[in-house]
Amino acid sequence: ERGGVAMRAAALTHRAVDLALEAAASAVGGRSVAVAAVLSPLDEQGPSVSPLRTPTTRAIGEEHHEHALRLGSAGCHLIVVEAMPTLIESVAATSAARAAMPAVWTTIALRDRAHLRDGTPLDLAATVFTAAGARAILVEGPTQESRLGALDALGTIGLGVLLGARTSARGTEG
């Protein structure tokens, strides 16, 4: 059964990327448009899930590696690693994405301007993600103040990667 699911996932991934590439090719005015793919948390409940329910480190790495390779072989231009429930899963997903392609952006979910949701210090996490292969760090936080504060802090540690912010897809804007 696992083989059938993997084959179906590969087919759906390739079809989705093909559609995105077709849309990008027909961009108005001949603009160059990149197609980004997303590596999401393994648990469908996303970053709010308890770290106690996170799969083993090996399983996390294998699952993200498998999906990142599908995305890379499908032809996307970059992979955005979504905010994950734990530092371990974020590092595993970032490393897997980097093994599939050079363009990797990792999203950090903030609790406040200096910590991830799981309590990890922001500067430590950003340094680890950069070492794992992230070429950009995106901060996602509960307020504009927390996002701007995090960007200011990251700007002072010289990571050598692009920095950006976004509002949470989960509607946590305050």
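Residues numbered from 1 in each chain as written. Predicted model: local features only at pLDDT ≥ 70, side-chain atom pairs only at ≥ 80, totals over all residues. Heavy atoms only, no water.

Generally speaking, soluble globular proteins have nonpolar side chains that are buried together. Counting 17 residues, the largest nonpolar core has L39, L71, C76, I79, V81 and A97 as its most contacted members. Looking at this core, the elements with two or more residues in it are α1 (2-25), β1 (36-39), α2 (57-74), β2 (78-81) and α3 (87-100). Listed in part, the 15 residues of the second largest apolar core include L110, L116, V139 and V161. (Core = buried A, V, L, I, M, F, W, Y, C linked by side-chain atoms within 4.5 Å. Buried < 20%, exposed > 50% of the residue type's maximum accessible area, 1.4 Å probe, protein only. Helix = DSSP H or I, 4+ residues; strand = E, 2+ residues; numbered from the N terminus.)

With that out of the way, let us pick up the side chain of T107. Considering the arrangement of structural elements, one finds T107 in strand β3 (residues 104-112). When neighbours within four sequence positions are excluded, T107 is seen to be in contact with V80, V81, E82, A83, L138, E140 and R166. (Contact = heavy atoms within 4.5 Å.)

Along the polypeptide, G149 turns up in helix α5 (residues 144-155). In sequence terms G149 and D112 are 37 residues apart; their C-alpha atoms lie 8.7 Å from each other.

A separate point is helix α4 (residues 122-132). Turning to α4, its buried residues are L122, A125, A126, F129, T130 and A132. Buried residues of α4, seen end-on, are gathered within an arc of 160 degrees and therefore sit on one face of the element. (Arc of directions from axis to C-beta.)

Turning our attention to α2. Taking 1.5 Å of rise per residue, the 18 residues of α2 would be expected to cover 26 Å, and the 26 Å separating its terminal C-alpha atoms lies within 8% of that figure. Taken together, the buried positions of α2 are I60, H64, A68, R70, L71 and A74. Each buried residue of α2 lies within a common arc of 155 degrees when the element is viewed along its axis, so the set occupies one face. The exposed residues of α2 that point more than 90 degrees off its buried face are R58 and S73. G75 lies just past α2 and shows a positive phi near 110 degrees. (Expected span 1.5 Å × (residues − 1).)

Here we come to the pairing of strand β5 (residues 136-140). Burial analysis of β5 places 5 of its 5 residues in the buried class, the great majority of the element. The alternating pattern of β5 places A136, L138 and E140 on one face and I137 and V139 on the opposite face, and all of these are buried. With 5 bridges joining them, β5 and strand β6 (residues 162-166) adopt parallel strand pairing. Note on β6: the bridge partner recorded for E140 is R166. Of the crossover connections in this fold, the one passing from β5 over α5 to the parallel β6 is right-handed. (Pairing = 2+ DSSP bridges. Right-handed = clockwise from strand over helix to strand, strands pointing away.)

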